[in-house]
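Tertiary structure, described
What follows is the residue order along each chain.
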Amino acid sequence: MSVIVIIKRWLSYSRNFPLNLYLKRLNQQPTVNYCHTVSFSNIQRISLINRFFNNNCKMYDWNNLPRPNVIFVLGGPGAGKGTQCNLISKKFGHVHLSAGDLLRKEQNTAGSQYGELIAEHIKNGTIVPVEITCKLLMNAMLENMISLAKMVEGNDKPIATGNFLIDGFPRNQDNLDGWQKFVGDKVNVQLVLVFECPEEVYIARCLKRGQHSGRADDNPESMKKRLDTHLNQTMPIVKYYEKLDLVKRIDSSRSIKEVHEECCTILQSLMAQAK
Ligand SMILES: Nc1ncnc2c1ncn2[C@@H]1O[C@H](COP(=O)(O)OP(=O)(O)OP(=O)(O)O)[C@@H](O)[C@H]1O
Ligand SMILES: Nc1ccn([C@H]2C[C@H](O)[C@@H](COP(=O)(O)O)O2)c(=O)n1
């Protein structure tokens, strides 16, 4: 290891000394460089994201990390977004972040100040304010970017770019506005995949899933509201991205395998263009 590399590592550590000390006190792994995967409690997450927003913590400034690629995944309730994201993620290595899953996790986190609010929105099929959802998404992206990034000797910046599938976002105008405000050009939105089925298929799938999912919204009452939200709030967002020529609509009433094959064709063509 050259002297320059040692000095760089020392500078990287000392620059983050207060944060490292803080994490050490909490028996957390200190964040010496970009290669560490760090797991934070909920309160630390919020504190870190605040630091990021205030741009106080250089370690977590996205300007120091490669600009990630994002594919948004939209579609009605039960369209198969989660199922297809899992398959894409296994085949192509994308990191799958589901806005709904992040919100449910936050809702179930003991002591979360947002728990009740999130529960109410989920039951009513309405959309949680973007400040909460965007913070959860950005924090999850940042954690993944830090663990994905690779420092190369002699290079000041890490090189590995994150490829993210963001499932169930942006769901309405508030989501879109918040995304533009907090994230904007920090990421490269490559594509919006939209999974579509006839309404009766959405309903049948969610009600069947409701027999074992334990979800508070897989019932006929919540389904009506979720479908209404999808039609009146999410579809205008799809139209917005259509004007930017970023949308691929996929008929997801077919078998899981058939839908996956179409996704693979789309992703392969995207990757060929990106080369
Ligand atoms: N192509 C398909 N054919 C039949 N069943 C499917 C298909 N895709 C998904 N499913 C089933 O439908 C249910 C809903 O799928 P999934 O959770 O992937 O949808 P989703 O769009 O992520 O739903 P939500 O937005 O409500 O979270 C699951 O039980 C899943 O196994
Ligand atoms: N951007 C989002 C995504 C989800 N929610 C809430 C409201 C949804 O009905 C619920 C379930 O999401 P799903 O698992 O179907 O993607 O979560 C939201 O408010 N904002």
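Bear in mind the structure is a predicted one, so any value in this text is a computation, not a measurement.

Definitions and cut-offs
- Residues numbered from 1 in each chain as written.
- Chains lettered and ligands numbered in written order.
- Predicted model: local features only at pLDDT ≥ 70, side-chain atom pairs only at ≥ 80, totals over all residues.
- Heavy atoms only, no water.
- Salt bridge = Lys/Arg side-chain N within 4 Å of Asp/Glu carboxyl O.
- Helix = DSSP H or I, 4+ residues; strand = E, 2+ residues; numbered from the N terminus.
- Buried < 20%, exposed > 50% of the residue type's maximum accessible area, 1.4 Å probe, protein only.
- Phe/Tyr/Trp six-rings, centres within 6.5 Å; stacked < 30°, edge-to-face > 60°.
- Lys NZ or Arg CZ within 6 Å of the ring centre and 35° of its normal.
- UniProt positions renumbered as here; feature names shortened; annotations may be inferred.
- Contact = heavy atoms within 4.5 Å.
- Near = heavy atom within 4 Å.
- Polar contact = N/O pair within 3.5 Å; in protein donor to acceptor, adjacent residues only side chain to side chain.
- Areas by Shrake-Rupley, 256 points an atom, 1.4 Å probe, with all protein chains shown as cover.
- Nonpolar A, V, L, I, M, F, W, Y, C, P; charged D, E, K, R; others polar.
- Core = buried A, V, L, I, M, F, W, Y, C linked by side-chain atoms within 4.5 Å.
- Arc of directions from axis to C-beta.

All right, on to the pattern of salt bridges then. Side-chain pairs of opposite charge can arise whenever the charged atoms involved come near each other. Per the counting criterion, the structure on display carries 9 salt bridges. One salt bridge connects Arg104 with Asp101, and the closest N-O pair in it is separated by 2.7 Å. Residue Arg104 and its partner Asp101 are both found in helix H5 (residues 99-107); the two are separated by 3 residues, about one turn of the helix. Classification of Asp101 by relative accessible area gives partly exposed; the value is 43%. Note that Glu262 and Arg254 form a salt bridge whose closest N and O atoms lie 2.5 Å from each other.

Tallying each qualifying case throughout the model produces 5 aromatic pairs. With a centroid separation of 6.2 Å and an interplanar angle of 50°, the aromatic rings of Phe72 and Phe169 are classed as tilted. Here Phe72, found in strand E1 (residues 69-75), pairs with Phe169, found in the loop between strand E3 (163-167) and helix H8 (173-182); they are 97 residues apart in sequence, far enough to count as distant. Seen in terms of ring centroids, Phe72 and Trp179 are 5.1 Å apart; in terms of plane orientation they differ by 75°. Their pairing is edge-to-face. With Phe72 in strand E1 and Trp179 in helix H8, the pair connects residues that are 107 residues apart, well separated along the chain. Judged by relative accessible area, which is 0%, Phe72 ranks as buried. Taken together, the ring pairs connect Phe72, Phe169, Trp179, Tyr240 and Tyr241 into an aromatic cluster. Over the ring of Phe92 we find Lys91, and its NZ or CZ is 5.9 Å from the ring centre.

In this section: the UniProt feature "binding site: a ribonucleoside 5'-phosphate" (unreviewed entry) in the protein chain. The sites that UniProt annotates as "binding site: a ribonucleoside 5'-phosphate" (unreviewed entry) are Arg104, Thr126, Ile127, Val128, Gly168, Phe169, Pro170, Arg171, Arg215 and Arg226. Mapped onto the secondary structure, Ile127 falls in the loop between helix H6 (115-124) and helix H7 (130-148). Residue contacts for Ile127: discarding those within four places in its chain leaves His121, Arg171, Asn172, Asn175, Thr229 and Gln233. Here Gly168 shows up in the loop between E3 and H8. Residue Gly168 is classed as buried on the basis of its relative accessible area, which comes to 4%. Once you skip the residues sitting within four places of it in the chain, Gly168 turns out to touch Val73, Leu74 and Ala99.

Next up on the list: the site of ligand 2. Looking at ligand 2, there are 15 residues lining it, with Arg104, Val128, Gly168, Arg171 and Asn175 nearest. Between ligand 2 and Arg104, the relevant distance is 2.9 Å, taken from an oxygen atom to a side-chain nitrogen or oxygen of the residue. For ligand 2, whose free accessible area comes to 440 Å², the fraction covered by protein is 95%. Considering each element in turn, the shell around ligand 2 owes the most residues, 4 residues, to H5.

Turning our attention to the site of ligand 1. Around ligand 1 sit 16 residues, and of these Lys81, Thr83, Arg209, Arg226 and Arg254 come closest. A distance of 2.7 Å separates an oxygen atom of ligand 1 from a polar atom in the side chain of Arg226. Within the contact set of ligand 1, a nitrogen atom lies 2.8 Å away from a backbone nitrogen or oxygen of Arg254. For ligand 1, the protein covers 76% of the area, taking 630 Å² as the surface of the free molecule. In terms of residue count, helix H4 (residues 81-92) provides more of the shell around ligand 1 than any other element does, 3 residues in total. Here the shell around ligand 1 is composed, by residue class, of 3 nonpolar, 7 polar and 6 charged.

Turning our eyes to something else, we now look at the UniProt feature "binding site: CMP" (unreviewed entry) in the protein chain. Here, UniProt's "binding site: CMP" (unreviewed entry) annotation points to Asn175. Relative to the helices and strands, Asn175 resides in helix H8. Excluding anything up to four places from it in sequence, Asn175 contacts Ile127, Val128, Val130, Phe169 and Pro170. A polar atom in the side chain of Asn175 sits 2.9 Å from the backbone nitrogen of Arg171.

Membership of the largest hydrophobic core comes to 42 residues, with the highest contact counts inside it found for Phe72, Met141, Ile166 and Trp179. Not counting the four nearest positions on each side in its chain, Met141 is found in contact with Trp62, Pro68, Val70, Leu97, Phe164, Ile166, Trp179 and Val187. Residues Ile71, Ile88, Met223 and Ile266 belong to the second largest nonpolar core, which totals 22 residues.

Turning our eyes to something else, we now look at H6. Those residues of H6 not exposed but buried are Gly115, Ile118, His121 and Ile122. Mapping the buried residues of H6 onto a view down its axis gives an arc of 135°, with all of them on the same face. In this fold, the buried residues of H6 make contact with H5 and H7. Following H6 by one or two positions, Gly125 adopts a phi angle in the positive range, close to 65°.

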